[in-house]
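# Architecture and fold: a report
The residues making up each chain are set out below.
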Amino acid sequence: MKTAIIYESKHHGNTKKVCDAIAKSQGVKLFDAEAIKGDFPWDEYDTIGFASGISFSKFYNHVTKLASKVPAGKMTFYIYTCAKNDKDFAADIKAIAEANGAIILGTYGCRGFNTFGPLKLIGGMNKSNPDKDELQAAVEFYKDMEAKYEK
Ligand SMILES: Cc1cc2nc3c(=O)[nH]c(=O)nc-3n(C[C@H](O)[C@H](O)[C@H](O)COP(=O)(O)O)c2cc1C
């Protein structure tokens, strides 16, 4: 499966850590959403991952904008890091991609270091996240998906 992950990770690089773990062991290609100018080469990849930190319950803007351009029939998956992983924060971006005809393969979310607002004063929360187990779980998520959908 030829895979690209388009990520946006601007708070503490938490989501990038998850993407790096997958890229290192699985050889997927990473693209910083903010650095993509013009058209993305969708045709070069069988599968596209969209990865982001969560801001006010949503994926960041650049990655969301790119998901709104994904071509019909493209296989997609979703990765996020957040303060409290208590709901599917990828629901909105998945609805956007699905409205374009994208195929949704799966979602992985875990905690990430957060110093938003007054949390900064106490040194933040989730200081050691994503941790080793969460990074490994992300790699397993990708491997399971690849085994299921390999072309
Ligand atoms: C402005 C802002 C808003 C946030 N909103 C949420 C939120 O609604 N829910 C949540 O669980 N975490 C929220 N967080 C925490 C981040 O999603 C979390 O720290 C994430 O790991 C950041 O990822 P990044 O380092 O890859 O950008 C917020 C953080 C910031 C700075």
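Refer to the structure presented above.
Within each chain, residue numbers correspond to sequence positions counted from 1 in written order. With the structure being a predicted model, the display of local features is reserved for residues of pLDDT at least 70 and the display and counting of side-chain atom pairs for 80 or more, all residues being used for whole-chain, interface and lining totals. Note that water and hydrogens are dropped before the side-chain values are worked out from all heavy atoms of the structure.

## So, the environment of valine 28
Basically, it comes down to this: Secondary structure is summarised from DSSP: a helix means a run of H or I of at least four residues, a strand means a run of E of at least two, and numbering begins at the N terminus for each. Remark: exposure states derive from per-residue accessible area (1.4 Å probe, protein chains only) relative to the maximum for the residue type, with buried under 20%, exposed over 50%, and partly exposed in between.
Mapping valine 28 onto the fold places it in the loop between α1 (14-26) and β2 (29-32). Look at valine 28 and you get buried, because its relative accessible area is 9%. Each C-alpha atom, one on valine 28 and one on methionine 1, is 9.0 Å from the other, the two residues being 27 residues apart in sequence.

## A look at helix α4 (residues 132-149)
Threshold: An expected span of 1.5 Å times one less than the residue number is assigned to each helix. By definition, the arc is the one covered by directions from the helix axis to the C-beta atoms. Contact definition: two residues touch when any of their heavy atoms are within 4.5 Å. Contacts described as polar in this section are N or O atom pairs within 3.5 Å, which, within protein, must combine one atom able to donate a hydrogen with one able to accept it, while residues neighboring in sequence count only if both atoms come from side chains.
If you check α4, its first and last C-alpha atoms are 26 Å apart, about what 18 residues at 1.5 Å a residue would give, namely 26 Å. Of the residues making up α4, those classed as buried are Glu134, Ala138, Val139, Phe141, Tyr142, Met145 and Glu146. Summarising the axial view, the buried residues of α4 lie within an arc of 150 degrees, below the 170-degree limit, and thus occupy one face. Exposed positions of α4 whose direction lies more than 90 degrees from the buried face are Lys132, Asp133, Asp144, Ala147 and Lys148. Taken together, the buried residues of α4 touch β1 (3-8), α1, β5 (75-82) and β6 (103-111). Capping the start of α4, aspartate 131 holds a side-chain oxygen 3.2 Å from the backbone nitrogen of aspartate 133, two or three residues further along.

## Description of the pattern of salt bridges
Formally: By convention in these notes, a salt bridge is any Lys or Arg side-chain nitrogen within 4 Å of a carboxyl oxygen on Asp or Glu.
The full count for this structure, using the stated rule, is seven salt bridges. Between lysine 10 and glutamate 8 there is a salt bridge whose closest N-O contact spans 3.4 Å. Given the relative accessible area of 49%, lysine 10 is considered partly exposed. In this structure, lysine 16 and aspartate 20 form a salt bridge, with 3.0 Å as the shortest nitrogen-oxygen distance. Of this pair, lysine 16 and aspartate 20 both sit in helix α1, four residues apart, roughly one helical turn. With relative accessibility at 26%, the residue lysine 16 sits in the partly exposed group. Under the relative-accessibility criterion, aspartate 20 is labelled partly exposed at 32%.

## Some points on helix α3 (residues 91-99)
Three or four residues apart is the spacing at which side chains of an α-helix point the same way, because the helix has 3.6 residues per turn. For α3, every residue scored as buried is listed here: Ile93, Lys94 and Ala97. Seen along its axis, α3 keeps its buried residues to an arc of 100 degrees; they face one direction. Contact partners of the buried residues in α3: β3 (47-55), β4 (58-59), α2 (61-67), β5 and β6. Two residues or fewer past α3, glycine 101 is found with a positive phi of approximately 95 degrees.

## Points about the site of the ligand
The test is simple: A cutoff of 4 Å decides nearness: a residue is near a molecule or strand if any of its heavy atoms lies inside that distance of it. The protein chains shown are the only cover counted for residues, whose accessible areas, like all others here, come from Shrake-Rupley with a 1.4 Å probe. For this scheme, ten residues count as nonpolar: Ala, Val, Leu, Ile, Met, Phe, Trp, Tyr, Cys and Pro. Four count as charged, namely Asp, Glu, Lys and Arg, and the remainder, Gly too, count as polar.
Residues in contact with the ligand amount to 22 residues; listed here are only the nearest, Ser9, Thr15, Ile54, Tyr60 and Thr81. Between the ligand and lysine 10, the relevant distance is 3.0 Å, taken from an oxygen atom to a main-chain nitrogen or oxygen of the residue. Contact distances for the ligand include 2.6 Å between an oxygen atom and a side-chain N or O atom of tyrosine 60. Out of a free accessible area of 650 Å², the ligand has 88% covered by protein chains. Counting residues per element, the ones that place at least two in the shell around the ligand are α1, β3 and β5. Considering each element in turn, the shell around the ligand owes the most residues, three residues, to β3. In the shell around the ligand, the residues fall into eight nonpolar, twelve polar and two charged.

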